[in-house]
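# An overview of the molecular structure
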Amino acid sequence: ARGRLNGVHRAIDLTGAKLLEVGCGGGYELWYAAHALGADAWGVDVVERRSWPHLRGDRVHLLLADLSAENPFEPETFDRAMSFTVWEHVEHPYRLLTETHRVLKPGALFWMKANLHRGPQASHLYRDIPFPFPHLLFSDEVISDALAKRGKAVPGAAWVNRLTWAQYERYFHEAGFRMLALRFRETPLDEEFYRRFEDQLGRYPRWELTKDFFEVVLEEVLGQLPARI
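This text gives an overview of the structure that appears in the document. (Residues numbered from 1 in each chain as written. Predicted model: local features only at pLDDT ≥ 70, side-chain atom pairs only at ≥ 80, totals over all residues. Heavy atoms only, no water.)

### Re the pattern of salt bridges
In total, this model carries 12 salt bridges according to the counting rule given. For the salt bridge of Glu99 with Arg102, the shortest nitrogen-to-oxygen distance reads 3.6 Å. Taken together, the residues span about one helical turn, with Glu99 and Arg102 both in helix 4 (residues 93-102) at a distance of 3 residues. Grouping residues by exposure puts Glu99 and Arg102 together as buried. Salt-bridge contacts for Glu219 lead to Arg178; the nearest nitrogen and oxygen are separated by 2.8 Å. Of this pair, Glu219 sits in strand 7 (residues 211-220) while Arg178 sits in strand 6 (residues 177-186), placing them 41 residues apart in sequence. The partly exposed category is assigned to Arg178, whose relative accessible area is 41%. (Salt bridge = Lys/Arg side-chain N within 4 Å of Asp/Glu carboxyl O. Helix = DSSP H or I, 4+ residues; strand = E, 2+ residues; numbered from the N terminus. Buried < 20%, exposed > 50% of the residue type's maximum accessible area, 1.4 Å probe, protein only.)

### Re the packing of aromatic side chains
Inspection of the entire model under this criterion finds 16 aromatic pairs. Considering the side-chain rings of Phe73 and Phe78, the 5.0 Å spacing of their centres and the 85° angle between planes classify their relative orientation as edge-to-face. With respect to burial, Phe73 and Phe78 carry one shared label: buried. For the pair Phe193 and Phe197, a centre-to-centre distance of 4.8 Å together with 45° between the ring planes defines the contact as tilted. Phe197 shares its class with Phe193; the two are buried. Taken together, the ring pairs in this structure connect Trp165, Tyr168, Phe172, Phe184, Trp207 and Phe214 into an aromatic cluster. (Phe/Tyr/Trp six-rings, centres within 6.5 Å; stacked < 30°, edge-to-face > 60°.)

Next up, the structure:
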């Protein structure tokens with residue numbers, strides 16, 4: 001948690017910030033932000049974690065909430081926000097983005113890391129399937145049946161939303177953010193594997209097939225609030 005948080009801190013300076021984490025999980029990064037960096041740290045998640053009662057305090061606030069459904073915060077509440085590999089799991093990613101924008105102060109900074117759907121690991125099944133792109137090569141039914149034969153109950157890969165980088169980039173602009181920094185985490189394309197499955201993988205730009213994750217720093221554009229949807 002400390003290593004993850006320090007990476008965000010280097011990017012957007014969390015010292016003394018009123019900080020929101022969207023999809024905070026166990027809340028350990030927020031605890032570190034409060035105790036090591038003096039942040040007023042707030043986290044929301046759609047599942048309450050067993051760690052929360054032990055981590056809550058005067059500067060650590062952990063809430064059960066879905067911002068895309070019912071946002072508990074007033075507009076312009078936070079001057080920093082962060083999110084670690086959450087956006088690919090939400091049902092309404094654009095709505096969540098606009099609600100995050102809504103609660104940020106003018107000029108606030110938002111650090112996000114997310115998994116891209118056309119990347120080799122986007123299925124999130126890489127511990128059970130030892131090759132890339134199963135979610136692009138096979139249906140959820142085929143994946144589920146294959147894993148069931150090995151005694152694993154896995155619903156498939158469709159629970160990960162299918163946003164491409166181009167969609168994310170458009171959503172950032174439409175929601176009222178300006179992009180300040182961007183970095184991709186890439187996996188080189190296995191050419192032999194690609195040739196073997198080119199009839200399916202050739203449907204997608206090769207550039208996208210090498211992109212697993214992105215990290216982006218967004219700036220809230222001076223109080224520009226998107227319309228509620």
